[in-house]
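As a plain string of letters, each chain reads:
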Amino acid sequence: MKIMEIEGGKDLSGTIRISGAKNATVALIPAAILTDEEATICNIPEITDTEALCDILKELKVDVKRASESIIVNPKNMENIEIAEKFSKKLRASYYFMGALLGKYKKAVMYFPGGCSIGARPIDLHLKGFEALGATVQNEGNKYIVEAESLHGANIYLDIASVGATINIMLAAVKAEGKTVIDNAAKEPEIVNIATFLNNMGAKIVGAGTSTIKIEGVKHLGKCFHEVIPDRIEAGTYVIIGALCGTPLKIDNVIPEHIDSLLSKLEEAGVSLEVGADYVLVQKQDKYKAVNIKTAVYPGFATDLQQPFTVLQTQSTGKSKTTETIWENRFMHIPYLKDLGANISVKNQTATIIGPTKLKGCEVVATDLRAGAAMVAAGLKAEGKTTITNVEHILRGYEQIVEKLTAVGAKITIKEI
Ligand code: UD1
């Protein structure tokens, strides 16, 4: 088991470079099997979710070559076999193999995906989308068999603008016969990145990034070269850390537009920000105003930044409120923030934070990936030593977190115990 130890209360200064986006990478790797030739993807982050998906590719006999931050995927010897539960349960995004295998072979057999326990996380919208394209879905316990004689275009309205369902339906529809229209599609930047990747291969997708995506099916998908966009959630996490400890901290390789909602809230709180074309420079202040946030689909305030943001709210003067609207179970970090000294109460889906409160290091748990990010932010701010267990969650999504933070002055280590 790994634990993270942080000696907090240190000022952080220098530059942190943001890696490729986890939530784009985890869809691009399964999407790569759709090529009939070879796909090269660069700026792939070295996180355990990447490893878990490459393990699935190898299981399916796909040639995978890794060279520094690039990955070359060649599916010429690929076999469409069942994806075992030990692979699917490692991460949520394993479900993108459903759409990709269905699109390529008209059949996918795999188990219910894993991932953070932040809510029920059903996949009904994905499956309804596959059915609309002509597939049948059989479900035996945790196992799903999705298959079709042929796939045909369809008009699909998503009851919820789900990121996963939007991408999975795109993957299944790129080679379907005729035109698919996804209405109330999710608009997250990662979806645009996946659509660009597929279009580079020869797909015909328009409208990604808007709520209506149109896909004209094609027969062949060819060779392509693609780059993963910078991770907006990693960027946002480090900007928040900068607001807590930066003297100043430069967050580099960012698309600032992707974190607009966070930057506006930080400005409202009184954080000093300089926003460049591809960087954000953040300087901590002695006093912050209390601000309220409510999570929403993009371009609203990202649910994945809600947990780290609550740490800043513990340092703001007065009463702040955070309302979570996407996931039912995303306040699991709150008891640990309270152990660190925060004054927070949770009622239904709203946390009320009264600040400022001094944080003092103690033993806490990374209950999920972004709760873990919140623990890191709190540990860096807290006086004394914070020990975080269940660090595996954090390593699923933050490339070289210890190295990046050490380079700007943090005292942080990971130990195997
Ligand atoms: C993705 C992100 C995750 C982020 C979330 C919302 C990845 C790998 N993960 O998760 O970090 O928190 O978007 O921005 O990209 N829903 C259904 N039925 C479905 C699908 C979703 O009811 O079939 C519900 C979910 O329970 C949730 C909401 O829709 O309440 C949004 O989920 P969705 O956008 O699909 O999130 P993910 O793609 O799983």
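Anything mentioned here points back to the structure above.
Residues numbered from 1 in each chain as written. Predicted model: local features only at pLDDT ≥ 70, side-chain atom pairs only at ≥ 80, totals over all residues. Heavy atoms only, no water.

Draft legend 1. Up close: the overall build of the protein. In terms of helices and strands, the protein carries 14 helices and 24 strands. Taken against the 2.2 N^0.38 rule, which gives 22 Å for 417 residues, the C-alpha radius of gyration of the protein at 21 Å falls within 12% of a compact globule. If one aligns the C-alpha atoms of the protein with their principal axes, the spans along those axes are about 60 × 45 × 40 Å. At a minimum sequence separation of 6, the contacts of the protein that also span at least 24 residues come to 71%. Element-wise, carbon and sulfur atoms account for 48% of the exposed surface of the protein, whose accessible area totals about 15,900 Å². Charged side chains of the protein number 47 positive and 49 negative; the gap between the two group centres comes to 3 Å. (Helix = DSSP H or I, 4+ residues; strand = E, 2+ residues; numbered from the N terminus. Rg over C-alpha atoms; globule rule 2.2 N^0.38 Å. Contact = heavy atoms within 4.5 Å. Areas by Shrake-Rupley, 256 points an atom, 1.4 Å probe, with all protein chains shown as cover. Lys, Arg positive; Asp, Glu negative; His and termini not counted. Charge placed at Lys NZ, Arg CZ, Asp CG, Glu CD.)

Draft legend 2. Geometry of the packing of helix α1 (residues 22-31) against helix α2 (residues 48-59). Here α1 crosses α2 at 5°, and the two axes come no closer than 10 Å. It follows from the interaxial angle that α1 and α2 lie roughly parallel. Residues Lys22, Thr25, Val26, Ile29 and Pro30 of α1 lie in contact with α2, whose contacting residues are Asp49, Thr50, Leu53, Cys54 and Leu57. For the contact of α1 with α2, the per-class residue count stands at 6 nonpolar, 2 polar and 2 charged. (Axes fitted to C-alpha atoms, helices over the stretch in contact; angles between N-to-C directions. Parallel < 35°, antiparallel > 145°, perpendicular 65-115°, else oblique. Nonpolar A, V, L, I, M, F, W, Y, C, P; charged D, E, K, R; others polar.)

Draft legend 3. Main features of the pairing of strand β1 (residues 2-8). β1 sits mainly inside the fold: 5 of its 7 residues count as buried. The sheet contact formed by β1 and strand β24 (residues 411-416) spans 6 bridges and is antiparallel. Opposite Glu5, over in β24, you have Thr413 as the bridge partner. Of the pairings in the sheet, the one linking β1 to strand β23 (residues 384-389) comprises 5 bridges and is antiparallel in character. (Buried < 20%, exposed > 50% of the residue type's maximum accessible area, 1.4 Å probe, protein only. Pairing = 2+ DSSP bridges.)

Draft legend 4. How the structure looks around the nonpolar core. Counting residues in each nonpolar core, the largest one holds 78 residues, and the members touching the most others are Phe97, Met170, Leu171, Ile194, Phe197, Leu198 and Ile205. Counting residues per element, this core draws most heavily on helix α6 (residues 163-173), at 7 residues. In contact with Ile205, not counting residues within four places along its chain, are Met170, Val174, Ala195, Leu198, Asn199, Ile213, Lys214 and Ile215. Listed in part, the 67 residues of the second largest apolar core include Leu244, Ala269, Phe309 and Ile394. (Core = buried A, V, L, I, M, F, W, Y, C linked by side-chain atoms within 4.5 Å.)

Draft legend 5. Layout of the sheet that holds strand β4 (residues 63-67). Pairing is mixed in the open sheet, where 4 strands are placed in the order β4-β5-β3-β13. On the outer flanks of this sheet lie β4 and β13 (224-227), each paired with one strand and no other. On average, adjacent strands in this sheet sit at an angle of 15° to one another, irrespective of strand direction. The sheet contact formed by strand β3 (residues 39-42) and β13 spans 4 bridges and is parallel. Bridging from a neighbouring strand, Thr40 pairs with Phe225 of β13.

Draft legend 6. Geometry of the site of the ligand. The full set close to the ligand counts 18 residues, and Asp124, Leu125, Ser162, Asp304 and Ile326 are the nearest of them. Take Asn23: an N or O atom from its side chain is 3.2 Å from an oxygen atom of the ligand. Contact distances for the ligand include 2.8 Å between a nitrogen atom and a side-chain N or O atom of Asp124. Elements with a contribution of two residues or more to the shell around the ligand: α1, α5 (124-132), α6 and α10 (303-313). Of the residues forming the shell around the ligand, the biggest block, 3 residues, is contributed by α5. Of the residues belonging to the shell around the ligand, the class tally is 9 nonpolar, 5 polar and 4 charged. Built from parts of two domains, the shell around the ligand gets at least three residues from each of domain 1 (2-19 + 230-416) and domain 2 (22-227). (Near = heavy atom within 4 Å. Polar contact = N/O pair within 3.5 Å; in protein donor to acceptor, adjacent residues only side chain to side chain. Domains from an automatic or database assignment.)

Draft legend 7. The arrangement of the packing of aromatic side chains in detail. As enumerated under the stated definition, the model contains 3 aromatic pairs in all. Centroid distance Tyr95 to Tyr96: 5.0 Å. Interplanar angle 75°. Geometry classified as edge-to-face. Here Tyr95 and Tyr96 have matching classes, each one buried. With a centroid separation of 5.3 Å and an interplanar angle of 75°, the aromatic rings of Phe301 and Phe309 are classed as edge-to-face. (Phe/Tyr/Trp six-rings, centres within 6.5 Å; stacked < 30°, edge-to-face > 60°.)

Draft legend 8. Here's a closer look at the side chain of Thr180. For Thr180, the location among the structural elements is in strand β10 (residues 179-183). With a relative accessible area of 0%, Thr180 lands in the buried category. If sequence neighbours within four positions are ignored, Thr180 has contacts with Leu133, Gly153, Ala154, Ile156, Ala173, Ile213, Lys214 and Ile215.

Draft legend 9. Region of the structure containing the side chain of Glu324. Following the sequence through the fold, Glu324 ends up in the loop between β19 (316-323) and α11 (334-339). No salt bridge is formed by the buried Glu324, whose closest oppositely charged neighbour, Arg330, lies at an N-O distance of 5.2 Å. One polar contact links the side chain of Glu324 to the main-chain amide nitrogen of Trp327, over a distance of 2.9 Å. Excluding residues within four positions of it along the chain, Glu324 makes contact with Thr295, Thr303, Gln306, Arg330, Phe331 and Gln349. (Salt bridge = Lys/Arg side-chain N within 4 Å of Asp/Glu carboxyl O.)

Draft legend 10. Main features of the state of the cysteines. For the structure on display, the rule yields 0 disulfides. Not part of a disulfide, Cys54 finds its nearest cysteine sulfur in Cys42, a span of 15 Å. Free of any disulfide, Cys362 has its nearest cysteine sulfur in Cys245, 16 Å distant. Cys362 gets classed as partly exposed once you look at its relative accessible area, which sits at 22%. (Disulfide = S-S within 2.5 Å.)

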